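Chain by chain, the residues run as shown.
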Amino acid sequence: TRRGMKRKRRATTTADHAARTEAAKAYLSAHMAESVSLEDVAAAVHASPFNFARIFQHQTGLPVHRYLTLLRLRASLELVAASSADLTSVALDLGFSSHSHFTEVFRREFGEAPSDFRRTANIKTVGEMSKNLIAE
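Residues numbered from 1 in each chain as written. Predicted model: local features only at pLDDT ≥ 70, side-chain atom pairs only at ≥ 80, totals over all residues. Heavy atoms only, no water.

Turning our attention to the overall build of the protein. Looking only at helices and strands, the protein has 8 helices and 0 strands in total. By its C-alpha atoms, the protein is 55 × 25 × 25 Å across when sized along the principal axes. Taking all 136 residues of the protein together, 32% fall into the buried category. Carbon and sulfur atoms provide 53% of the accessible area of the protein, an area that totals close to 8,400 Å². With 19 positive and 14 negative side-chain charges, the protein shows a spacing of 14 Å between the two charge centroids. (Helix = DSSP H or I, 4+ residues; strand = E, 2+ residues; numbered from the N terminus. Buried < 20%, exposed > 50% of the residue type's maximum accessible area, 1.4 Å probe, protein only. Areas by Shrake-Rupley, 256 points an atom, 1.4 Å probe, with all protein chains shown as cover. Lys, Arg positive; Asp, Glu negative; His and termini not counted. Charge placed at Lys NZ, Arg CZ, Asp CG, Glu CD.)

As C-alpha cells, then:
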C-alpha cells in the first residue's frame with residue numbers, strides 16, 4: 001500500500017473477520033465466569049492471538065479484555081439489583097478475581113459501588129445501564 005492509503009479488503013476477508021468476531025463473542029459469553037486469556041479465545045476461533053486481537057478490536061471497537069469486563073458487568077447488574085446475594089459471591093461467580101476488584105471496576109464504570117447501586121436500583125435503571133454497556 002502507499003503511505004497513508006488504506007488497502008481495500010476482500011469481501012471474503014471481511015466476512016471471515018466478522019464471523020471470527022461473532023464466534024469470539026459467543027465464546028466469551030459462554031465462558032465469562034472463567035479465567036479467559038487472549039490465547040484461549042484466539043484458539044477457539046482458530047486465529048493467532050495477535051491477529052485475533054487486532055481483528056476483534058477493529059470489528060467491535062473494544063479490546064478483548066474490555067469486552068469481557070463489560071459482559072461481566074452487564075451480568076452483574078441484575079444480580080446485584082435483584083438479589084440479596086453476597087457481593088463477594090457475585091464477583092467470584094462472574095469471574096472477577098475478588099470482591100475489591102469487582103467493586104473497583106463497577107465503580108469506575110457506573111460511578112458508584114455495587115452496594116450503593118443495590119440500594120437504589122430498579123428494573124428501569126438496570127435495563128438502561130445494561131443497554132448502554134455493549135451492543136450484542
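Resuming the write-up.
All told, the structure shown has 5 salt bridges when counted by the stated rule. The closest approach of N and O atoms between Lys25 and Glu22, which form a salt bridge, is 3.4 Å. Of this pair, Lys25 and Glu22 both sit in helix 1 (residues 11-30), 3 residues apart, which is roughly one turn of that helix. Owing to a relative accessible area of 12%, Lys25 belongs among the buried residues under this scheme. We classify Glu22 as partly exposed; its relative accessible area is 45%. (Salt bridge = Lys/Arg side-chain N within 4 Å of Asp/Glu carboxyl O.)

What follows deals with the packing of helix 4 (residues 64-82) against helix 8 (residues 123-133). Taken N-terminus to C-terminus, the directions of helix 4 and helix 8 make an angle of 175°; their axes are 9 Å apart at the nearest point. Compared by their axis directions, helix 4 and helix 8 come out roughly antiparallel. Only Val126, Met129, Ser130, Lys131 and Leu133 of helix 8 make contact with helix 4, whose side of the interface consists of Leu70, Leu73, Arg74, Leu77, Glu78 and Ala81. In the contact of helix 4 with helix 8, the residues fall into 7 nonpolar, 1 polar and 3 charged. (Axes fitted to C-alpha atoms, helices over the stretch in contact; angles between N-to-C directions. Parallel < 35°, antiparallel > 145°, perpendicular 65-115°, else oblique. Contact = heavy atoms within 4.5 Å. Nonpolar A, V, L, I, M, F, W, Y, C, P; charged D, E, K, R; others polar.)

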